[in-house]
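# Understanding the architecture of this molecule
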2 protein chains.
Amino acid sequence: MQHTRLDLARIQAARAAIDPLFLNTPLYRCEPLEPVLGAQVSIKLETANPVGSFKGRGAEWVAHQAEQAGVQSLVCASAGNLGTALAWSGRRRDLDVTVVARRNAPRAKLERISALGAKLELVDGDFEVARERAVVLAHRDGAQLVEDSLDLRTCEGAGTIGLELAQSLSSFDTVLIALGGGAMATGVGYVLSRLAPDTEVVCVQPQEAPALTLSWRQRKVVTTETMNTIADGVAGRFPIPAVLDDLLLVADDAVLVAEESIVAGLRVLRERAGLVVEPSAALGVAAVLEDRERFEGKHVVTIVCGNNVDPDAYLGWVS
Amino acid sequence: MQHTRLDLARIQAARAAIDPLFLNTPLYRCEPLEPVLGAQVSIKLETANPVGSFKGRGAEWVAHQAEQAGVQSLVCASAGNLGTALAWSGRRRDLDVTVVARRNAPRAKLERISALGAKLELVDGDFEVARERAVVLAHRDGAQLVEDSLDLRTCEGAGTIGLELAQSLSSFDTVLIALGGGAMATGVGYVLSRLAPDTEVVCVQPQEAPALTLSWRQRKVVTTETMNTIADGVAGRFPIPAVLDDLLLVADDAVLVAEESIVAGLRVLRERAGLVVEPSAALGVAAVLEDRERFEGKHVVTIVCGNNVDPDAYLGWVS
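Residues numbered from 1 in each chain as written. Chains lettered and ligands numbered in written order. Predicted model: local features only at pLDDT ≥ 70, side-chain atom pairs only at ≥ 80, totals over all residues. Heavy atoms only, no water.

Going by an unreviewed UniProt entry, chain A carries the name Pyridoxal-phosphate dependent enzyme and comes from Kineosporia babensis. Its UniProt record, at the heading Cofactor (unreviewed entry), says of chain A: "pyridoxal 5'-phosphate". (UniProt positions renumbered as here; feature names shortened; annotations may be inferred.)

In structure tokens, the structure reads:
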């Protein structure tokens, strides 16, 4: 395969550094989902940990390396989950963590970040405004900037999910990965392309926040003027060129799903899998709901990547 | 300690025979629960597996031994979870499984049992009627009767949860265990009494189905005329003497909780832990909600033991 930024040895090194709390997450067939989805469905559950998302893996790897290098302060922009995870990993290592987030991010996420002792800086506007602000803050304060998906360590941390999928005794036809900035898709996709090349890697993004998918399809960075999705965790407008380059080499497909399919996915996961998840974690199920024929009879894994959601907003969607 | 029916070596043997899908379940601090409960709270999550409850552990051990012994047919009475688990474990070993259940058991549980290929026999009345019917069926058909909690293998399977708690790096002040027939309480309690004797073992049962708790308190079997709890998974009226004897030796306390506390527990687990669970799995949280002072500042683990619940009934409780 052509050269990506990713490297198997570094992902294995990440695995050794990450708190085992975040590793070897449940991977199981969830047959109650199958009559609805028309496929064999396995869940890779990334929510049953202290931060409620897969971001603990990358954050642990970042914080571990920061500690080794004598770095004192970290800054990240976050839709919420990276911020929560970095706050958790920083707290146990006495690192100062500043998280820049949208003022309108889910309250559940903002409260967790503060409760974990990180400094929270709120901005008006969307995630791209937070990203810019984080760059400025890191420069001003001499802190290390952790840019999700661009910082390879965030991809390598997520890549450890790929190691676990590849080492599973089951073989899967397709792995469905939520696509936002691209850390999870490139990390997991890279490992599967190396260790389980017959497994199809399908990225799933909301139609209403499609920048990286459009970029993947056109093989060049495409930005969007706006975005408008309930899947706050994957909402971005400015794809990162280096991440797109990696994604072009490791993803087999990138699909877009409608908002109503994301809501339907939330419902199905609650009713049939007993999981309250955030919208980004329902993207894989949404993709199957939108194209049952494509997945019929196949064995698909969907990575349930986060459960940090405002209870009221959630009830509004599912009831 | 005085003699119980349980034995560490057999529990370790069970662990070796159980499909790893059911082992090493997530065990994690869930800080969002803590402001509400006033204690440090860790969750031992037994729902992220193909059968949605901890019963897979015991069922695997039963089915493994049945296969080894050339047994062809198994019969159990079940509130639903043991039946689902035995159906799953039987299916992969080509064993015939018959499950006797209440006609009014949660539909989600009954449908799962049938979908897994077990024969479902429904009875009118409560769980005690199902137990009697299972005895008759096993005798008539020459099948092996698997009597939950009395059959030591069901306790030994559950006891493997205790091994995982005892091997955890964290030390816990208290483990909260849902109490029904007593398999989980005696299995986990026994292992903790041997391997982590400083950890308090607290059983939690609904006030409206209190037979085994009353028996534990009076140190003799106490039966009740009726029961009326939403926690269908732990609803029984006729404690088994041998199980009570074990429980008297391994439990430090047995508490009763009100129905409204169970509902409050369901809500808290949904809103703050992202978990849709069945009422039995909320008993531990209910116990802390009812007696915050007792647990204040302590580190408690609650075993979230099952998530098989009818979606409509669930929504009725939590909304």
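## What about the overall build of chain A?
A count of helical and extended segments in chain A gives 14 helices and 10 strands. For 319 residues, the compact-globule estimate of 2.2 N^0.38 gives 20 Å, and chain A sits close to it at 18 Å. C-alpha atoms of chain A, sized along the principal axes, occupy 55 × 45 × 35 Å. A total of 319 residues make up chain A; the buried ones form 64% of that total. Sequence-distant contacts, at least 24 apart, represent 75% of the contacts inside chain A between residues at least 6 apart. Element-wise, carbon and sulfur atoms account for 46% of the exposed surface of chain A, whose accessible area totals about 11600 Å². With 31 positive and 41 negative side-chain charges, chain A shows a spacing of 2 Å between the two charge centroids. (Helix = DSSP H or I, 4+ residues; strand = E, 2+ residues; numbered from the N terminus. Rg over C-alpha atoms; globule rule 2.2 N^0.38 Å. Buried < 20%, exposed > 50% of the residue type's maximum accessible area, 1.4 Å probe, protein only. Contact = heavy atoms within 4.5 Å. Areas by Shrake-Rupley, 256 points an atom, 1.4 Å probe, with all protein chains shown as cover. Lys, Arg positive; Asp, Glu negative; His and termini not counted. Charge placed at Lys NZ, Arg CZ, Asp CG, Glu CD.)

## Structural notes on the interface of chain B and chain A
In this assembly, 25 residues from chain B lie in contact with 25 residues from chain A. Of the roughly 2000 Å² buried where chain B meets chain A, counting both sides, 59% is carbon and sulfur surface. Counting every contact that joins chain B to chain A gives two salt bridges. The salt bridge involving R91 of chain B is made with E31 of chain A; its shortest N-O contact spans 2.7 Å. At the boundary of chain B with chain A, the tally comes to six residue pairs in polar contact (both at pLDDT 80 or more). (Buried area = accessible area lost by both parts, 1.4 Å probe. Salt bridge = Lys/Arg side-chain N within 4 Å of Asp/Glu carboxyl O. Polar contact = N/O pair within 3.5 Å; in protein donor to acceptor, adjacent residues only side chain to side chain.)

## Quick word on the sheet that holds strand β4 (residues 96-102) of chain A
Working definition: the strands of a sheet are paired by backbone hydrogen bonds and lie parallel or antiparallel to each other. All names here are of chain A. Ordered by their spatial adjacency, four strands build an open sheet running β5-β4-β3-β6, and the pairing between neighbours is parallel. A strand with exactly one partner marks an edge of an open sheet, and here the two such strands are β5 (119-123) and β6 (144-145). Relative to β5, β4 runs parallel, the two being bridged by five bridges. Bridged to V100 within β5 is E121. (Pairing = 2+ DSSP bridges.)

## With respect to helix α11 (residues 259-273) of chain B
Residue and element names in this part refer to chain B. Between its first and last C-alpha atoms α11 spans 20 Å; for 15 residues at 1.5 Å apiece the expected length is 21 Å, and the two agree. Among the residues of α11, those classed as buried are E259, S261, I262, V263, G265, L266, V268, L269, R270 and A273. Note on α11: the residue one or two positions beyond its end, G274, has a positive phi of about 70°. (Expected span 1.5 Å × (residues − 1).)

## Observations concerning the domain arrangement of chain A
All names here are of chain A. Entries for chain A in the domain assignment read domain 1 (8-52 + 152-318) and domain 2 (55-145). Its C-alpha centre places domain 1 at a distance of 22 Å from the equivalent point of domain 2. Listed by partner, the interface residues are 35 residues for domain 1 and 26 residues for domain 2. In this assembly, domain 1 packs against domain 2 so that about 2500 Å² is buried in total across both faces, 54% of it on carbon and sulfur atoms. Of all residues in domain 1, V51, R153 and D232 give up the largest surface area on contact with domain 2, accounting jointly for 26% of the area buried on that side. At the surface where domain 1 touches domain 2, the tally comes to six salt bridges. Here R92 and D19 are joined by a salt bridge, their closest N and O atoms 3.3 Å apart. The dominant element in the side of domain 1 that touches domain 2, judged by the number of residues it contributes, is helix α7 (residues 152-167), at eight residues. Tallied by class, residues from the side of domain 1 that touches domain 2 come to 16 nonpolar, eight polar and 11 charged. (Domains from an automatic or database assignment. Nonpolar A, V, L, I, M, F, W, Y, C, P; charged D, E, K, R; others polar.)

## Let's talk about the packing of aromatic side chains
All names here are of chain A. Summed over all chains, the structure comprises two aromatic pairs over all chains. Geometrically, the ring pair formed by F22 and W88 is edge-to-face, given 5.1 Å between the ring centres and 85° between the ring planes. One end of the pair, F22, is in the loop between α1 (8-17) and β1 (27-29); the other, W88, is in helix α4 (residues 81-91), with 66 residues separating them in the sequence. For the residue pair F22 and W88, the accessibility class agrees, reading buried in each case. (Phe/Tyr/Trp six-rings, centres within 6.5 Å; stacked < 30°, edge-to-face > 60°.)

## Remarks on the nonpolar core
Within the largest apolar cluster, 129 residues are counted, with the highest numbers of intra-cluster contacts made by I43, L165 and M184 of chain A together with I43, L165 and M184 of chain B. Sequence-distant contacts of I43 of chain A, defined by excluding residues within four places in its chain, comprise P26, L27, Y28, C30, L33, L269, A273, L275, T302 and V304 of chain A. In terms of nonpolar packing, the next biggest core, distinct from the first, is built from 26 residues, L86, A87, L95 and V97 of chain A among them. (Core = buried A, V, L, I, M, F, W, Y, C linked by side-chain atoms within 4.5 Å.)

## Looking at the environment of A231 of chain A
All names here are of chain A. For A231, the location among the structural elements is in the loop between α9 (211-218) and α10 (241-250). A C-alpha to C-alpha distance of 22 Å links A231 and G157, two positions 74 residues apart in sequence. When residues no more than four places from it in sequence are discounted, the contact partners of A231 are P206, I262, P279 and S280.

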